[in-house]
Each structure stands twice: as C-alpha cells, then as structure tokens.
Amino acid sequence: MSECFRPSRRIVVLGLVAAGIQAAWAEDLPEVVATKDPSCGCCEAWVKHLRNEGFRVQIVNAPVNPIKAKLGVPRELASCHTAQVGGYVAEGHVPASAIKRLLAEKPSATGLAVPGMPVGSPGMEVAGMEPASYEVVLFGPAGRSTFARFRGAQPI
C-alpha cells in the first residue's frame, strides 16, 4: 500500500477520540421508547433521525391510542407515534434538538408534541416539497405553550 493511502497516526488517534466522544454523548442521553403502529414508515424514519442524533431507541409495535391516553396526550396534539424519554412524552415528529433541549432544561411538563404530520418534519420529508413551518408544543397539567418553531428539522 502506498503512503498516500495510509492514514497517519494522528488521523487514527483523532478518529478514535471522536468515536469515543460520540459514544459518551449517546450514553448520556436517555433511551427513547417509541410506540408505533407496525406498518408506519414515517415513524421508522423519525426513529432513524433520533438515532442519527445520538439517541438509543427501543421500538414497541403496538396500538398507540392506549399509550397516548395513559401518558396524558391531548387528542388535539396527537400524531402517529408516541415516545417516552427521560420522564417526558414526545408526541409525533418532534426534532431531536427539541428533545435534547427539553432534557437539558427539565421544565415542569408532560412533554412535547408536534400535532399532525407536518411535511418536512423529521420522518416526514418529501422529495420535491418545501418543508412546512410548525410549532413544537410544550404541554402538561399547567397548560400549553410554544416550546420551539421549526421549518423542517431546522429551528426558526
């Protein structure tokens, strides 16, 4: 093998350090338990988004309405899947960055919701279509408020 194709010791060490940092970051994030309908493809795409952002995700294929009721998700905030993470609920296509902020800030709330299925939200990307702008709603016994605004997966 020629020298130009062999990575230097510095590159190898930097790669190992970066991999260790990413692994430690993933270990600091709580596991996400996502309940979804077995045939839902957009839910699988949302799970992939979370995994790409460092979350470990366990998928439970089961009817979602009973878990929504049990966890206190209001009907008007419902979407296609319901997840539990760090003592909170993540309803629908909530971006990973919003979940990370929720876990860092630890507000007194039940969780976050992205009602419906906005085009361009994580897991709802559609080739050739502009992503929609939407709100991530913080909800709980004290009421509801806008937690964040996004266009696609990007905060606005």
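The structure displayed is predicted, hence computed values, not measured ones.

Calculation notes
Starting from 1, residues in each chain are numbered consecutively following that chain's sequence as written. At least 70 in pLDDT is required for a residue's local features to be given in this predicted model, at least 80 for side-chain atom pairs to be given and counted, and no such filter applies to totals for whole chains, interfaces and linings, which use all residues. As a rule here, side-chain values come from all non-hydrogen atoms in the structure, and water together with hydrogens is ignored. Only DSSP runs of H or I with at least four residues qualify as helices, and only runs of E with at least two residues qualify as strands; both kinds are numbered from the N terminus onward. Three exposure classes are used, based on accessible area relative to the maximum for each residue type with a 1.4 Å probe and protein chains only: buried under 20%, partly exposed in between, and exposed over 50%. Contacts are residue-level and defined by heavy atoms, with any inter-residue pair within 4.5 Å sufficient. Per-residue and other accessible areas follow the Shrake-Rupley method at a 1.4 Å probe size, with only the shown protein chains counted as cover for residues. Scored between 0 and 100, pLDDT is the confidence that the predictor attaches to each residue. In protein, a polar contact means a hydrogen-donor-capable atom and an acceptor-capable atom, both N or O and within 3.5 Å, with residues adjacent in sequence counting only if both atoms are side-chain atoms; elsewhere, any N or O pair within 3.5 Å suffices. Salt bridges, as used here, are contacts in which a Lys or Arg side-chain nitrogen is within 4 Å of a carboxyl oxygen on Asp or Glu. Two strands are counted as paired when DSSP detects at least two bridges linking them. Each C-beta atom gives one direction from the helix axis, and the arc is the one those directions make. For helices, the fitted axis covers only the stretch in contact; all axes are lines through C-alpha atoms, and the angles between them, taken along N-to-C directions, range from 0 to 180 degrees.

With that settled, consider the overall build of the chain. Each helix and strand in the chain was counted, giving 4 helices and 8 strands. Counting helices and strands in the order they occur from the N terminus, the chain gives α-β-α-β-α-β-β-α-β-β-β-β. Residues counted as buried form 40% of the 156 residues belonging to the chain. When contacts within the chain are restricted to residue pairs at least 6 apart in sequence, long-range pairs at least 24 apart make up 54% of them. Carbon and sulfur atoms make up 57% of the accessible area of the chain, which totals about 8,800 Å².

Predicted confidence across the chain gives a mean pLDDT of 88, with 83% of residues reaching 70 or more. Counted against residues more than four places away or in other chains, residues 17–26, with its pLDDT under 50, gives 5 contacts.

Looking at where T82 falls in the secondary structure, it is placed in strand β3 (residues 82–85). Residue T82 is classed as buried on the basis of its relative accessible area, which comes to 1%. A polar contact is formed between the side chain of T82 and the side chain of K68, at a distance of 2.7 Å. Ignoring sequence-local partners within four residues, the contact set of T82 consists of V33, A34, T35, I67, K68, L71, V73, V89, A90 and E91.

Position of E91 relative to the elements: it lies in strand β4 (residues 88–92). In this view, E91 contacts K68, V73, L77, A78, S79, H81, T82, L112, A113 and V114; residues no more than four positions away in its chain are not counted. A polar atom in the side chain of E91 sits 2.4 Å from the side chain of K68.

All chains considered together, the criterion is met by 7 salt bridges. With a shortest N-O distance of 3.3 Å, E44 and K36 are connected by a salt bridge. A residue is classified by how much of its surface remains accessible, and K36, at 1% relative accessible area, is buried.

Buried residues dominate strand β1 (residues 32–36), accounting for 4 of its 5 residues. Judged from the 5 bridges that link them, β1 and strand β2 (residues 57–61) form a sheet pairing that is parallel. Residue pairing for β2: V32 is matched across the bridge by V57.

Because an α-helix completes one turn every 3.6 residues, residues spaced three or four positions apart along the sequence face the same direction. Three or more residues of helix α4 (residues 96–105) are buried, namely A96, A98, I99, L102 and L103. All buried residues of α4 fall inside an arc of 160° around its axis, so they share one side. Residue K106 follows α4 closely and has a positive phi angle near 50°.

The next point concerns the environment of S97. Turning to its location among the elements, S97 is positioned in helix α4. Each C-alpha atom, one on S97 and one on A148, is 10.0 Å from the other, the two residues being 51 residues apart in sequence.

Overall, mixed pairing links the 8 strands, which are arranged β2-β1-β3-β4-β5-β6-β7-β8 in an open sheet. Unpaired on one side and paired on the other, β2 and β8 (154–155) mark the two borders of the sheet. Pairing analysis gives 4 bridges linking β4 to strand β5 (residues 111–114), with the strands arranged parallel. Within β5, the position partnered with G92 by the bridge is V114. Strands in contact with α4 are β3, β4, β5, β6 (133–140) and β7 (143–151); relative to β7, the strand with the most contacts, it is inclined by about 135°.

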